Amino acid sequence: MAYRSLREFLERLEKSGELVRVKDPVDPVLEMAALADRAAKQGGPALLFESPRGASGSLPVAMNLFGTRRRTSWALSCEDFEDHAAELRALLRTAPPQGIWEKLRMLPKLGKLASMAPKRVGSGACQEIVERDPDLAKLPILTTWPHDGGPFLTLPQVITRDPETGIRNVGMYRLQVLGPRKLAMHWQLHKTATAHYRGYKKRGERMPVAIALGGDPALTYCASAPLPPGVDEYLMAGFLRGEAVRLVRGVTVELEVPADADLVIEGFVDPAASLVREGPFGDHTGYYSLADDYPFLEVTAVTRRQGAVYPATVVGPPPMEDYWLGVATERLFLPLLQMLFPEIADMAFPAEGCFHNLCFLSIRKDYPGHARKLMHGLWGSGQMANTKTLVVFDEDVDIHDFSQCAWRALANVDAKRDLIVVEGPVDVLDHAAPAFALGAKVGVDATRKWQEEGGREWPEPCVHAPELLARMDALYQRLVPGAASPRRARIPVPPAASWTPRKGTA
Ligand SMILES: Cc1cc2nc3c(=O)[nH]c(=O)nc-3n(C[C@H](O)[C@H](O)[C@H](O)COP(=O)(O)O)c2cc1C
């Protein structure tokens, strides 16, 4: 089910008891963020602040929209995002058997996707109200942490175009309000909009930018998705929502914007202008990212729909709402990564790793050094290149169980043999790196070691046969009614075929 507005999504949440309306006056400065943080950390409801306090109280503010797996799935028009992953896997199988990038380029022409390409329409609700001399102070833009440099837009869809190819990009980059019509553009070094900015700078041209807020939440998610440059985020949104995204031309920029967005900010970045100081900002890492220099946008218009809702999030010490956006990416991009690396059985980004700091992988290991081959491959693939710690397990490890991963990794790793440290680009937000965006990454091979890899006789984990376990669990439940599920049940049971203790190499 595609949503025609953010309000339509909010109505669905409200009907299902997933939305709380906050009628009390709450301040966009710190108070909203603190309340939403609490809701996110407890898997609580989405919040609609109906009375933002202060002069900027013109629009209601929606927060914690993506705060649980269920709501994020609903936001992507499905019951669980594994459904989309299965569909994507099937679609990739039907694509001609070329390389992964050719397949990706072919996708828009295939099956259901062919009709999901964004559609240009003549008019849209996002332009029901047009302000050509706007004042950003009238919007309820949040300050989320005490030492932030000011108010920031935190859930924007930043739309830019490659000046050479004309291909659109939509990225989620926070934007700091520096004046009534001035925004600092925090597109980081490795991101697509930064490449576009470099292109405009080389040509000596002003860069048109549009920032959409709200509309169908699938569009908001897609802005955060790590699609390769050249693959349109709004095509992905069309695929997820089962209906093409409708676009209208901006009122002051030659860019298309989502017709059903709640709000659109338009303007130009002049690459010849000096950079401005951006930040500090309480960030995904749970720490403040330090102030740094970024380009700025001169706003030329703000357009919005009647009854617009302003969407926002707060990032910070995990777990927070953005964890669920990360889980959606983990599930939806696994089929794509498996095309490149068929040995991957599963992938997990634990909340504590704040996405770039930690990735667990389980693999079907076929040869000595297989885990290392995968690590190097991933460190050369798009935004995976910024992953600071990669831990590779055998296929029988449930990598979504952090406790099990700690047990297996600590037991299976010899520090001298099984750790590799490489140097290269790291996430811009990594404050531990010795230089800006450049540092070390560690790979941990937690698989069982074959003899060729220096493994001696390798023991099996202790597990009972499944049938015996089931009988004893039933008996225990009778003896101790209401007992919680036993912890050992989370230890994987080897499949029946391999249920004979093995020795040495796999
Ligand atoms: C809530 C949220 C805020 C984000 N803020 C930024 C940001 O300020 N700057 C940035 O470069 N990336 C930020 N990201 C990550 C990008 O959105 C992500 O890397 C995306 O894939 C970039 O798109 P691109 O590959 O089209 O550049 C943020 C992600 C989320 C979920």
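Residues numbered from 1 in each chain as written. Predicted model: local features only at pLDDT ≥ 70, side-chain atom pairs only at ≥ 80, totals over all residues. Heavy atoms only, no water.

## Some thoughts on the overall build of the protein chain
At step 1: Helix and strand counts for the protein chain stand at 14 helices and 25 strands.
At step 2: If you line up the protein chain on its principal axes, its C-alpha atoms span 75 × 55 × 50 Å.
At step 3: Looking at the protein chain as a whole, 54% of its 506 residues qualify as buried.
At step 4: Across the protein chain, the fraction of contacts at a sequence separation of at least 24, relative to all contacts at a separation of at least 6, is 71%.
At step 5: Surface summary for the protein chain: the accessible area is close to 21,900 Å², and the carbon and sulfur share equals 56%.
At step 6: If the 59 positive side-chain charges of the protein chain are averaged to one point and the 62 negative ones to another, these points end up 2 Å apart. (Helix = DSSP H or I, 4+ residues; strand = E, 2+ residues; numbered from the N terminus. Buried < 20%, exposed > 50% of the residue type's maximum accessible area, 1.4 Å probe, protein only. Contact = heavy atoms within 4.5 Å. Areas by Shrake-Rupley, 256 points an atom, 1.4 Å probe, with all protein chains shown as cover. Lys, Arg positive; Asp, Glu negative; His and termini not counted. Charge placed at Lys NZ, Arg CZ, Asp CG, Glu CD.)

## Digging into unusual backbone geometry
At step 1: A cis amide bond, omega -5°, links Gly279 with the succeeding residue Pro280.
At step 2: For Pro280, the location among the structural elements is in the loop between β15 (276-278) and β16 (281-282).
At step 3: For the bond from Pro318 to Pro319, the omega torsion is -5°, close enough to zero to count as cis.
At step 4: Locating Pro319 in the fold gives a position in the loop between β20 (310-311) and α10 (322-340).
At step 5: The residue Ser77 is not glycine, and still its phi comes out positive at about 60°.

## Some thoughts on the side chain of Thr329
At step 1: Tracing the chain through its elements places Thr329 in helix α10.
At step 2: Of the residues examined, Thr329 reaches a relative accessible area of 6% and is grouped as buried.
At step 3: Within the structure, the side chain of Thr329 is placed 2.8 Å from the side chain of Tyr221, a separation counted as a polar contact.
At step 4: For Thr329, the contacting residues outside a window of four places in its chain are Tyr221, Ala225, Pro226, Leu334 and Phe355. (Polar contact = N/O pair within 3.5 Å; in protein donor to acceptor, adjacent residues only side chain to side chain.)

## Here we look at the sheet that holds strand β4 (residues 119-120)
At step 1: Strand order across the open sheet formed by three strands is β4-β12-β13, with mixed pairing between neighbours. Among the strands making up the open sheet, the edge pair consists of β4 and β13 (256-258). (Pairing = 2+ DSSP bridges.)

## Some remarks on the sheet that holds strand β21 (residues 344-348)
At step 1: In spatial order, the strands read β21-β22-β23-β25-β24; together these five strands make up an open sheet with mixed pairing. Across the chains shown, the open sheet's two edge strands, defined by having one partner strand only, are β21 and β24 (419-425). Averaged over all pairs of adjacent strands, the angle between strand axes in this sheet comes to 20°, irrespective of strand direction.
At step 2: Relative to strand β22 (residues 359-363), β21 runs antiparallel, the two being bridged by four bridges. In the strand pairing of β22, Ala348 is matched with Phe360. (Axes fitted to C-alpha atoms, helices over the stretch in contact; angles between N-to-C directions.)

## A short note on α10
At step 1: Its 19 residues give α10 an end-to-end C-alpha distance of 26 Å, which sits within 8% of 27 Å, the value for a rise of 1.5 Å per residue.
At step 2: The sharpest bend along α10 comes to roughly 40°, located at Leu334, with the proline Pro335 sitting one to four residues further on.
At step 3: Counted residue by residue, α10 has 14 buried out of 19 residues, so it is predominantly covered. (Expected span 1.5 Å × (residues − 1). Bend = angle between axes of the 7 residues up to and from the residue.)

## Concerning the pattern of salt bridges
At step 1: Summed over the entire model, instances satisfying the criterion amount to 37 salt bridges.
At step 2: Residues Arg174 and Glu278 are paired through a salt bridge, measuring 2.8 Å at the closest nitrogen-oxygen approach. With Arg174 in the loop between β8 (168-171) and β9 (175-179) and Glu278 in strand β15, this pair connects stretches of sequence that are 104 residues apart. Assigned by exposure class, Arg174 and Glu278 land together as buried.
At step 3: Members of the salt-bridge network, linked through shared partners, are Arg4, Glu243, Arg246 and Asp260. (Salt bridge = Lys/Arg side-chain N within 4 Å of Asp/Glu carboxyl O.)

## Quick look at the environment of Asp394
At step 1: Position of Asp394 relative to the elements: it lies in strand β23 (residues 389-394).
At step 2: By relative accessible area, Asp394 is classed as buried at 16%.
At step 3: Sequence separation between Asp394 and Arg168 is 226 residues, and the spatial gap between their C-alpha atoms is 40 Å.
At step 4: Sequence-distant contacts of Asp394, defined by excluding residues within four places in its chain, comprise Ser362, Ile363, Lys365, Thr447 and Arg448.

## Focus on the nonpolar core
Within soluble globular proteins, side chains that are nonpolar tend to cluster in buried spots.
At step 1: Counting residues in each nonpolar core, the largest one holds 59 residues, and the members touching the most others are Leu65, Leu76, Tyr221 and Met236.
At step 2: Discounting residues that sit within four places of it in the chain, Met236 has contacts with Tyr221, Cys222, Ala225, Leu227, Leu332 and Phe333.
At step 3: Listed in part, the 41 residues of the second largest apolar core include Met32, Leu175, Trp187 and Val314. (Core = buried A, V, L, I, M, F, W, Y, C linked by side-chain atoms within 4.5 Å.)

## Describing the site of the ligand
At step 1: By nearness alone, 19 residues border the ligand, and Met172, Tyr173, Arg174, His186 and Gln383 come closest of all.
At step 2: Within the backbone of Met172, an N or O atom sits 2.7 Å from an oxygen atom of the ligand.
At step 3: The backbone of Gln188 places a nitrogen or oxygen atom 3.1 Å from an oxygen atom of the ligand.
At step 4: Expressed as a share of its isolated accessible area of 640 Å², the protein-covered part of the ligand is 91%.
At step 5: Taken together, the elements giving at least two residues each to the shell around the ligand come down to β8 and α8 (217-224).
At step 6: Of the residues in the shell around the ligand, the class split is seven nonpolar, nine polar and three charged. (Near = heavy atom within 4 Å. Nonpolar A, V, L, I, M, F, W, Y, C, P; charged D, E, K, R; others polar.)

## Concerning the packing of aromatic side chains
At step 1: With the rule as written, the count across this model stands at eight aromatic pairs.
At step 2: Taking the centre distance of 5.1 Å and the plane angle of 70° together, the rings of Tyr3 and Phe9 count as edge-to-face. The pair Tyr3 / Phe9 is uniform in exposure class, with both members buried.
At step 3: For the ring pair Trp187 and Tyr197, a centre distance of 6.2 Å and an interplane angle of 45° mean the geometry is tilted. Pair noted here: Trp187 is in the loop between β10 (182-185) and α7 (192-203) and Tyr197 is in helix α7, with a separation of 10 residues, a long-range link.
At step 4: Overall, Tyr197 belongs to the buried group, its relative accessible area being 8%. (Phe/Tyr/Trp six-rings, centres within 6.5 Å; stacked < 30°, edge-to-face > 60°.)

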